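Architecture at a glance
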Amino acid sequence: MAATGGARRRRGGRFEAGGGLGTTLPMELTLPPVSSCLPELRRTAALALRGVDGDVADEVLLALDEAVGNAIRHGSRGRRPVLVTIEVDQGWVHMTVRDHGPTAALPHVPAAPPSTLADGGRGLWLISQLVDEVRVGRWRSGVRLELRRRAESRFAVAARGA
């Protein structure tokens, strides 16, 4: 099924009523390697996040936008599409972003923010601040970025633990 802005949904798109903290069907998107697809990505991904705490959904959407933007800028030199999967399952939001590369060296997630004078390198650091887990791995000749975030607000989790 084609969506506007060049994004294609491969499967998913139907979600459980009240959805957020239960399980949603995986939403898989195939995006053209152009930044003009990012607004459609955010709108479509927001559907998968129905029922997720508003602040969490906002942070997840920002992390996903940054991850796909990085895949477009750095991992789509061959002009091949970027593949995105989003799923909410048992209280976690799972996201995967895959590009086709070519990528010679895998990027690393910095432990500290880059220097304010640095030309780049903020993307993965920002993503690591917005989600609970970041994994970077090889996918074909490109990169696979796996992100996980609790679907419940960190403040709610902390309040329950206190």
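Residues numbered from 1 in each chain as written. Predicted model: local features only at pLDDT ≥ 70, side-chain atom pairs only at ≥ 80, totals over all residues. Heavy atoms only, no water.

**Thoughts on the packing of aromatic side chains**
- All told, the structure shown has zero aromatic pairs when counted by the stated rule.
- Seen from the ring of Trp 139, Arg 98 lies directly overhead, with NZ or CZ sitting 4.9 Å from the centre.
- Sitting over the ring of Trp 92, Arg 148 keeps its end group 3.8 Å from the ring centre. (Phe/Tyr/Trp six-rings, centres within 6.5 Å; stacked < 30°, edge-to-face > 60°. Lys NZ or Arg CZ within 6 Å of the ring centre and 35° of its normal.)

**Here's the deal with the layout of surface pockets**
- The calculated volume of the largest pocket comes to roughly 480 Å³.
- Lining the largest pocket are 22 residues; nearest its centre among them are Asn 70, His 74, Pro 107, His 108 and Leu 124.
- Broken down by secondary-structure element, the contributors of at least two residues to the lining of the largest pocket are helix H2 (54-75), helix H3 (123-130) and strand S6 (142-150).
- Top contributing element to the lining of the largest pocket by residue count: H2, with six residues.
- A per-class count over the lining of the largest pocket returns ten nonpolar, eight polar and four charged.
- Approximately 160 Å³ is the volume found for the second largest pocket. (1 Å grid on protein atoms, 1.4 Å probe; cavity = no way out; pocket = protein on both sides within 12 Å on 5 of 7 lines; lining within 4 Å. Points joined across faces, edges and corners; volume = space filled by probe spheres on them. Helix = DSSP H or I, 4+ residues; strand = E, 2+ residues; numbered from the N terminus. Nonpolar A, V, L, I, M, F, W, Y, C, P; charged D, E, K, R; others polar.)

**Describing unusual backbone geometry**
- A cis amide bond links Gly 101 to the next residue, Pro 102, at an omega of 10°.
- Following the sequence through the fold, Pro 102 ends up in the loop between strand S4 (92-98) and H3.
- Of note in this structure, Arg 140 is not a glycine but carries a positive phi near 55°.
- One can find Arg 140 in the loop between strand S5 (133-139) and S6.

Any link to function would need more than the numbers given here.
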